[in-house]
Every structure is written in structure tokens, then in C-alpha cells.
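# Examining the three-dimensional arrangement
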Amino acid sequence: MLRRLIDGCGPVAWRRSEGRPFDALLRAIVYQQLSGRAAAAIYGRVAALFDGGRPTPRALAALAPEQLRAAGLSRAKTLALHDLAAKARRGVVPGPRTVRALSDEEVIERVVQVRGVGRWTGEMLLLHLGRPDVLPATDLGIRRGFARAHGLDELPEAEEILAYGERWRPWRSVAALYLWRAADLSAEDLPTG
């Protein structure tokens, strides 16, 4: 199935970021449950609250909740961002050097301690960091792509995808990119054979 997707879809772009986990999590929290355009506008207003548009844990902690709310964040997201700042300052959220030394599960265990951050967000962070063996099986796009690639009428459960995905180790991140691609293809464009 994966070979068919790779042959039919061609190469996919996978860019690894050397950025800070703090930045990626801040962005993820702002973008949660919002459309792309609305999230980008709010994120732009939040970034504008910082010198040079570059948030730091210390500067984020110093912002009053009212400032974040005025930028368009909900009360829950404001609380989540302040928790992110506190956990980053205490080292719970690893810095760039520390994150390289942690296993995937160790990274997830640490970042899910931040209010509003769940396993899915942790997996997205790992993909953002270029980790090669991440399969976010609860992701709707992954589930849709898997169903389309396998000709299923119903979305599979995460456990089914994870069990099938064992054959893709240690490159499950690449498989995820192709599953997302399959989810976006029309039925006519989906590779067969």
C-alpha cells in the first residue's frame, strides 16, 4: 500500500525544524480549533506583543492575561500559554539541546504536562522536529488517508493503524506524510494497482 502511494504520489517534502519546542507549542496552542486564516491572524497579534515578534518564556509569563485576550485568545488558551511559559522556564518543556537527547516518548511525557497539550500535539511537535518514526494514528487526516489507501468505507481506529504501521518502522513519519497526501487526493487521483 505504501509503495503504491510513494510511486503514485512522488516525493513529499519533509522539512526538519531546528526551532525551539517552546515556539512550536505556543503556535500549536494558538492554532488549536481554529481555521488557518483566523489562527494566523491571532498568532500574528500574539507575536506582535513581543520584541522582534519572538516570544520567550520569560516575556510570555510577564504578559497580563488581558493582553493575550485582547490579541484574540480565549481564556483557556491564555491559561495554557501562561502554563507553557511556566513549564518552559522550569525545564519541563525541553529546550533545543535537551530535546535532542530525549526519546520520542520522553518528549511527549514532558509536553503533555502543559495545559491544553495532548498526545496529538506532542506527536506533531516530534514531526516538526524531524523525528523519523512518528505515526499520529488518532489524526483525522491519517485515518482518512489510511481508509482511502485501503479502500475502506469506514475510518479505521487508531489501534488498527498502529498495528499495520509496525511494518513501516523506523520510518513511520514518512508513511504519515503519504497518508496525509492520500487523504487530500481525489478518488481519481489515488494511485491504484
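Before reading further, recall that the structure is shown in the block above.
These remarks concern the structure in this document.

### Re the nonpolar core
- By size, the foremost hydrophobic cluster in this structure holds 34 residues, and its most contacted members are L26, L60, L81 and L84.
- Listing elements by their share of this core, those giving two or more residues are α2 (21–31), α3 (36–47), α6 (75–89), α8 (104–111) and α9 (119–128).
- A per-element tally of this core places α2 first, with six residues.
- Once residues lying within four places of it in the same chain are set aside, the contact partners of L26 are Y43, P55, L60, L81 and L84.

### A word on the packing of aromatic side chains
- Overall, the coordinates contain three aromatic pairs when judged by the stated rule.
- For the ring pair F146 and Y164, a centre distance of 5.4 Å and an interplane angle of 80 degrees mean the geometry is edge-to-face. Separated by 18 residues along the polypeptide, F146 in helix α10 (residues 140–150) and Y164 in helix α11 (residues 158–165) bring together distant segments of the chain.
- The exposure class assigned to F146 is buried, which follows from its relative accessible area of 2%.
- Ring geometry for Y164 and W168: centres 5.4 Å apart, planes at 70 degrees, overall edge-to-face. With respect to burial, Y164 and W168 carry one shared label: buried.
- Through pairs of rings, three or more aromatic residues link up here, namely F146, Y164 and W168.
- R167 extends its terminal NZ or CZ atom over the ring of Y164, reaching a point 3.7 Å from the ring centre.

Reading the values: the criteria
Residues numbered from 1 in each chain as written. Predicted model: local features only at pLDDT ≥ 70, side-chain atom pairs only at ≥ 80, totals over all residues. Heavy atoms only, no water. Core = buried A, V, L, I, M, F, W, Y, C linked by side-chain atoms within 4.5 Å. Buried < 20%, exposed > 50% of the residue type's maximum accessible area, 1.4 Å probe, protein only. Helix = DSSP H or I, 4+ residues; strand = E, 2+ residues; numbered from the N terminus. Contact = heavy atoms within 4.5 Å. Phe/Tyr/Trp six-rings, centres within 6.5 Å; stacked < 30°, edge-to-face > 60°. Lys NZ or Arg CZ within 6 Å of the ring centre and 35° of its normal.

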